[in-house]
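# Coordinates in review
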Amino acid sequence: NLPAPEGRFNFAQHLLDINQQRAEKTAYIDDQGTLTYGELAARIQRMASALVKAGIRREERVLLLVQDCNDWPLAFLGALYAGIVPVAVNTLLTAHDYHYMLSDSRATAAIVSEALRPSLEAALAKGDHDLKTIFVSRAQGELPAGSVHLDTAIQTAEPMAQAANTRADDPGFWLYSSGSTGNPKGTVHTQANPYWTAELYGKRLLGITEQDICFSAAKLFFAYGLGNALSFPLSVGATVVLMPERPTPDAVFKRWIDHQPTIFFGAPTGFAGMLASAKLPKKAEVALRLASSAGEALPADIGERFTQHFGVEIIDGIGSTEMLHIFLSNQPGKVRYGTTGWPVPGYAIELRGEDGLPVADGETGDLYIQGPSAALMYWNNRTKSRETFQGAWTKSGDKYVRNADGTYTYAGRSDDMLKVSGIYVSPFEVEATLVQHPAVLEAAVIGKQDAEGLTKTKAFVVLKDGAELTAEELKAFVKERLAPYKYPRFIEFVTELPKTATGKIQRFKLRQKEAE
Ligand code: 3SK
């Protein structure tokens with residue numbers, strides 16, 4: 001019974017309308033200052049003009065490679081306002097990844113943090129892709145030809161008075177989703193999809209209000225972070241704290257103390273690290289009223305210890321890049337630790353067996369979701385689009401069991417993907433990098449549960465005859481070639497890998513061995 005945005009709808013304009021009366025209120029706080037709702041609105045309208053002035057046309061893509069800071073939301077929403085499609089990408093990737101994303105998306109411009117400009121330039125140097133303009137966020141001094149200071153571009157552009165005449169179902173923005181094999185997939189979301197996640201999960205389920213100060217450990221380029229630190233808070237006029245660095249316990253505690261957020265959005269590995277830290281703040285030092293967790297299943301013990309310490313529930317849920325945010329979740333005041341709770345009202349969930357039919361309670365099935373925030377497709381990839389977006393249903397790739405009380409318990413992935421600290425890692429990509437080392441003959445990567453019940457990557461490596469190599473040398477080799485978070489945390493050198501008669505590596509045997 002929610003009013004569905006139909007026909008003409010522009011998500012950026014929608015947020016400006018909601019917050020028109022809050023011009024003086026702080027929307028964003030980062031390490032360099034604050035941005036009021038009034039300033040945010042003005043910069044969104046100028047950003048939109050700056051993009052048009054640079055020759056970017058409606059529906060063209062713009063790569064958004066920016067660390068979390070106040071420029072991120074204005075760049076993202078400025079593009080949406082102009083009907084230009086921001087492609088928000090992971091800031092932790094390599095030039096090789098950005099080269100792929102530039103040519104896959106055919107982005108005609110980029111908005112990049114000064115610290116990430118070298119990676120973008122290295123991607124462009126690989127050839128075959130030109131950008132009309134590169135807008136550089138937070139740069140000092142002169143920039144090379146073709147690059148402009150984002151701030152100057154915004155200040156010198158006239159505000160665009162009217163948002164582009166976009167429709168609810170128009171492509172609004174993309175996020176890249178990784179798979180166990182192949183390249184990341186450009187996941188195309190509509191202008192209306194963030195509206196739905198904000199209404200169904202942000203407002204109704206979490207109950208975020210104008211009084212809240214939101215702080216997300218997950219960055220804005222993740223679908224999880226985009227809801228937590230943009231769509232949800234801006235849909236109610238709340239305040240957001242942004243942080244550019246890695247969410248280490250110390251970095252998070254500093255923001256808890258300095259800015260007193262009321263809602264914290266994290267992932268299980270982060271909560272475990274904080275609870276283990278000697279610097280964990282006392283309950284009286286923080287203003288938290290609620291915490292949300294996603295990325296991987298939250299072990300019950302972590303939730304219980306957090307609640308015991310802070311008197312605050314962790315609302316554990318699962319979402320996906322394809323559904324844009326959380327569709328299955330515990331609820332404030334109704335938490336069953338060790339489970340992912342119930343379907344978020346507005347979404348339907350089905351667990352299906354190998355025959356495609358619904359499974360009974362207590363049996364494991366593949367998770368399918370139906371809801372209004374599903375992506376339109378994967379760009380330029382009909383096969384994978386058809387596998388995932390099946391009519392009204394979206395296949396998540398996760399396995400679940402429904403319990404008698406209607407809660408759902410996580411039962412693993414349907415493919416080989418691993419989720420480490422809430423981020424997908426393909427074992428095949430790590431193996432392919434390990435075998436590039438001249439001393440490595442072959443390698444197999446699996447997920448290994450640590451003492452907290454959280455998944456870490458473990459590589460089994462066979463060295464070439466007579467070769468010598470340490471685990472630390474091999475980890476350093478991988479870190480140089482892949483996004484650093486993908487390196488295997490554990491390496492075991494073995495003399496052979498278990499294989500089928502046809503030579504396929506039997507990862508399940510390695511998993512069994514680890515579990516013993
Ligand atoms: O990892 C999750 O559970 C998640 C949650 C919200 C949005 C996106 C994702 C992948």
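The structure displayed is predicted, hence computed values, not measured ones.

### Focus: helix 13 (residues 427–434)
- Every buried residue of helix 13 is listed here: P427, V430, E431, T433 and L434. Axial view of helix 13: buried residues confined to an arc of 160°, hence all on one face.
- The secondary structure elements touched by the buried residues of helix 13 are strand 23 (418–420), strand 24 (423–425), strand 25 (440–449), strand 26 (455–463), helix 14 (471–481) and helix 15 (507–515).

### Examining the sheet that holds strand 13 (residues 290–293)
- Taken in spatial order, the 9 strands line up as 2-1-11-10-12-13-14-15-16 in an open sheet, and their pairing is mixed. The open sheet has two free edges, formed respectively by strand 2 (33–36) and strand 16 (342–343), since each of these has just one partner strand.
- Across 3 bridges, strand 14 (residues 314–319) lies against strand 15 (residues 326–329) in antiparallel orientation. Paired with G319 across the two strands is I326, which belongs to strand 15.
- Helix-sheet contacts for helix 10 (residues 268–276) involve strand 12 (263–266), strand 13 and strand 14, and the interaxial angle to strand 13 is about 130°.

### Looking at the environment of D30
- Along the chain, D30 falls in strand 1 (residues 26–30).
- Looking at D30, the relative accessible area reads 5%, which means it is buried.
- In this structure, the C-alpha to C-alpha distance between D30 and E468, residues 438 residues apart in sequence, is 47 Å.
- When near neighbours in sequence (up to four residues on either side) are disregarded, D30 contacts C69, N70, R138 and L242.
- Within the local environment of D30, its side chain forms a polar contact with the side chain of R138, the two groups lying 2.9 Å apart.

Calculation criteria
Residues numbered from 1 in each chain as written. Predicted model: local features only at pLDDT ≥ 70, side-chain atom pairs only at ≥ 80, totals over all residues. Heavy atoms only, no water. Buried < 20%, exposed > 50% of the residue type's maximum accessible area, 1.4 Å probe, protein only. Helix = DSSP H or I, 4+ residues; strand = E, 2+ residues; numbered from the N terminus. Arc of directions from axis to C-beta. Contact = heavy atoms within 4.5 Å. Pairing = 2+ DSSP bridges. Axes fitted to C-alpha atoms, helices over the stretch in contact; angles between N-to-C directions. Polar contact = N/O pair within 3.5 Å; in protein donor to acceptor, adjacent residues only side chain to side chain.

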